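Coordinates in review
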Amino acid sequence: MIDFKENVNSNQKTTEETRQQMSFLGQAKELVKERSERRGYPLTFHVTTFGCQMNARDSEKLTGMLLAAGYVEKETEDADFVIYNTCTVRENANNKVYGRLGYLHGYKKQNPQMKIALCGCMMQEDVVVSKIKQSYPFVDLIFGTHNIYKFPELLVSVLESESQIVDIWKEHGDIVEDLPSVRKYPFKSGVNIMYGCNNFCTYCIVPYVRGRERSRQPRDILRECERLVKDGVVEIMLLGQNVNSYGKTLQQEISFADLLKEVATIPDLQRIRFMTSHPRDLSDELIEVMASYKNICPHLHLPLQSGSDTMLAAMNRHYTKAHYLSLVDRLRAAIPDITLTTDIIVGFPKETEKEFAETLSFAEQIRFYEIHVFKYSRRRGTPADRDPDQVPEPIKGVRSDTLLELTAKQSKEFRARRIGKETEVLFEEEKEYEGRRYWIGHTREYVLVAMRSVESLENRILPVVPTEFLTGEVLLARTADSVL
Ligand code: SAH
Ligand code: SF4
Ligand code: F3S
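Source: prediction; values computed, not measured. (Residues numbered from 1 in each chain as written. Chains lettered and ligands numbered in written order. Predicted model: local features only at pLDDT ≥ 70, side-chain atom pairs only at ≥ 80, totals over all residues. Heavy atoms only, no water.)

1. A word on the packing of helix α2 (residues 53-68) against helix α5 (residues 151-160)
It is at 10 Å that the axes of α2 and α5 come closest, and there the two elements cross at 55°. In terms of orientation, α2 lies oblique with respect to α5. As α2 packs across α5, the resulting crossing turns out to be right-handed. Residues L62, M65 and L66 of α2 form the contact with α5, whose own contacting residues are F151, P152 and L155. Here the residues of the contact of α2 with α5 are counted per class, giving six nonpolar, no polar and no charged. (Axes fitted to C-alpha atoms, helices over the stretch in contact; angles between N-to-C directions. Helix = DSSP H or I, 4+ residues; strand = E, 2+ residues; numbered from the N terminus. Parallel < 35°, antiparallel > 145°, perpendicular 65-115°, else oblique. Left-handed = near helix turned anticlockwise from the far one by under 90°. Contact = heavy atoms within 4.5 Å. Nonpolar A, V, L, I, M, F, W, Y, C, P; charged D, E, K, R; others polar.)

Pasting the structure below:
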């Protein structure tokens, strides 16, 4: 499913760039073909993704370009071209990459033709690149988040060279449209609406590694969505670090609510999701749009980070607990069946027992469907890292466990309330639980549901009735009477 798109985007400069990269892709294809023929079987590749939806979408672009260059995808990492698309939002994301590079070296010793590439957010940090240059000389290519669209050019260089190539840009360039891309799923897709972030929450490294906020042109976004729907996609997730500030960098006056309305009117688009929303910028207009269009899913991921006003101020979040609560009230009044999920950080510098207790009781009061709990992780160069009053790791551990216990209990109660009620599921893939195979998918509220079926349910949206828990996280369902 490679998407070769006609070059009709609005910006002359980026159209020229697309043309150049397509020409490098042609050169890469020649090189790959020659090597495959010499060897007698095709060259293979594997892309491993760490981190968020943004990275997942970038990996689809890299995969699209490698397929267009003639490589064949392989499930395992013993391939001829391996890319690690990295994340650095927390230290443990970083450590995973170093840990696995050792394995890759083992593969490379068996296959000297193998090329190893590292890209993504971690590579935007100087210390990481120095460490790799010094301790991992077998890595062939290092590039960052700003020059992914130059990948065809880098691919040609790496195929023609034996030395390590490093190409990291400090600043972002133009948004380049229309390069090949693939989709992991035939029926759902992420669509970037903006890149970067300007919020500088004091704990967060994303603004440093993803650069300043910039929005894509609405016509480019709509064109991509329309094309996806024509191609069979029924669910689209609009992606950005802070989708609620969409449009601020564009000349045309347009808000995220305006864009969402446009996307929601695309014929045959069944489901729309978006992430991430920042509570500061969530407008009443957006709530109204969410409530007015049936194809906008009643699910909102609204990161709270902390339930203490002192902590929220120290985190530079620009909202209070009272503001968050009023948003929740307005959302629930307008969209009664909405599910709310969130992110919470525990053990931020200076967080006391009292402040943590406030977060815990606030979370209990809101009744989130799911809470992603993160132990605060020090990120080099961020203001919170310079705070001398860091919370000891064991305390972070206890707070994290306490909050996880609450969320497990509340999620279970939430799922239990769905038992016996007809709901609509988009079935995505087959999965095994305790030796039996099930089709699994999400409801519009993002509840995971499984159903037994001998015929394939992939890509089908069906009314079902959850009957019991299959596991703590998954509900087992039967077909609704309405379709029998
Ligand atoms: N742009 C999104 C979040 C991106 S990062 C937003 O603003 O909501 C995803 C989550 O990782 C954040 O919501 C936060 O909870 C967590 N996170 C970010 N930096 C972190 C750090 N240094 N330590 C622990 N968790 C962090
Ligand atoms: Fe990080 Fe805050 Fe930007 Fe989210 S909004 S990416 S948490 S700086
Ligand atoms: Fe990680 Fe980069 Fe996303 S740091 S969370 S992959 S934007």
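2. A closer look at the sheet that holds strand β10 (residues 235-239)
Taken in spatial order, the three strands make up an open sheet running β7-β10-β11, and their pairing is parallel. Strand pairing shows two members of the sheet lacking a second neighbour, β7 (188-192) and β11 (271-275), which therefore form its edges. Ignoring strand direction, the axes of neighbouring strands in this sheet form an average angle of 20°. Pairing of β7 with β10, which is carried by five bridges, proceeds in the parallel orientation. What sits directly across from V191, in β10, is L238. Here helix α8 (residues 256-264) sits on the sheet in contact with β10 and β11, set at roughly 155° to β11. (Pairing = 2+ DSSP bridges.)

3. Examining the site of ligand 1
Taken together, 15 residues sit near ligand 1, with R90, Q241, Q305, D343 and S377 positioned nearest. Note that an oxygen atom of ligand 1 is positioned 2.7 Å from one of the side-chain N or O atoms of Q305. Contact distances for ligand 1 include 2.9 Å between a nitrogen atom and a backbone N or O atom of S377. For ligand 1, the accessible surface in isolation is 540 Å², of which the surrounding protein chains cover 90%. Contributions of two or more residues to the shell around ligand 1 are made by β13 (339-346) and β14 (370-375). (Near = heavy atom within 4 Å. Polar contact = N/O pair within 3.5 Å; in protein donor to acceptor, adjacent residues only side chain to side chain. Areas by Shrake-Rupley, 256 points an atom, 1.4 Å probe, with all protein chains shown as cover.)

4. Some words on the site of ligand 2
In the vicinity of ligand 2, the contacting residues are C197, N199, F200, C201, Y203, C204, V206, P207, Q241, H278 and R317. When the residues that make up the shell around ligand 2 are grouped by side-chain class, the tally is seven nonpolar, three polar and one charged.

5. Focus on the side chain of S306
Checked against the element boundaries, S306 lands in the loop between β12 (299-301) and α10 (309-314). Here the side chain of S306 touches S308 through a polar contact of 3.0 Å, landing on its backbone nitrogen. Residue contacts for S306: discarding those within four places in its chain leaves M311, L312, M315 and T359.

6. Observations regarding helix α4 (residues 126-135)
Among the residues making up α4, those that are buried are V128, V129 and I132. Across the axial projection of α4, the buried residues extend over an arc of 95°, all falling on one side. Counted as exposed and oriented over 90 degrees from the buried face of α4: D126 and Q134. Where α4 is buried, its residues contact α3 (91-110), β4 (115-120), β5 (141-143) and β6 (165-167). (Buried < 20%, exposed > 50% of the residue type's maximum accessible area, 1.4 Å probe, protein only. Arc of directions from axis to C-beta.)

7. Re the state of the cysteines
Evaluation of the coordinates by the stated rule reveals zero disulfides. The thiol sulfur of C119 is not disulfide-bonded, and the nearest other cysteine sulfur, from C121, lies at 9.2 Å. (Disulfide = S-S within 2.5 Å.)

8. Quick notes on the packing of aromatic side chains
As enumerated under the stated definition, the model contains 17 aromatic pairs in all. Arranged with centres 4.6 Å apart and planes meeting at 35°, the rings of Y369 and F414 form a pair that is tilted. Placement of the pair is Y369 in the loop between α12 (353-366) and β14 and F414 in helix α13 (residues 393-418), with a sequence separation of 45 residues. Every member of this aromatic cluster is reached through a ring pair, and the members are Y71, F81, F143 and F151. When the ring centre of Y98 is taken as reference, the NZ or CZ atom of K131 above it lies at 3.9 Å. (Phe/Tyr/Trp six-rings, centres within 6.5 Å; stacked < 30°, edge-to-face > 60°. Lys NZ or Arg CZ within 6 Å of the ring centre and 35° of its normal.)

9. Thoughts on the environment of E125
Note on placement: E125 falls in the loop between β4 and α4. Taking the relative accessible area as the measure of exposure, E125 reaches 9% and is therefore buried. If near-sequence neighbours (up to four positions away) are discounted, E125 is found in contact with T88, N94, I205, V209, R379 and R380.

10. Quick notes on the environment of Y103
Structurally, Y103 is set in helix α3. When its relative accessible area of 61% is taken as the criterion, Y103 is described as exposed. Measuring from C-alpha to C-alpha, the distance between Y103 and E77 comes to 9.0 Å, with 26 residues separating the pair along the chain.

11. Overview of the pairing of β13
The element β13 is extensively covered by neighbouring structure, given that eight of its eight residues are classed as buried. Residues of β13 alternate between two faces, with T339, T341, D343 and I345 on one and L340, T342, I344 and V346 on the opposite face, all of them buried. In terms of strand pairing, β12 meets β13 through three bridges, oriented parallel. Bridge assignment links H301 to a residue of β13, and that residue is T341. The sheet contact formed by β13 and β14 spans six bridges and is parallel. Bridge pairing in β14 links I344 to V373. In this view, the connection linking β13 to its parallel neighbour β14 by way of α12 has right-handed handedness. (Right-handed = clockwise from strand over helix to strand, strands pointing away.)

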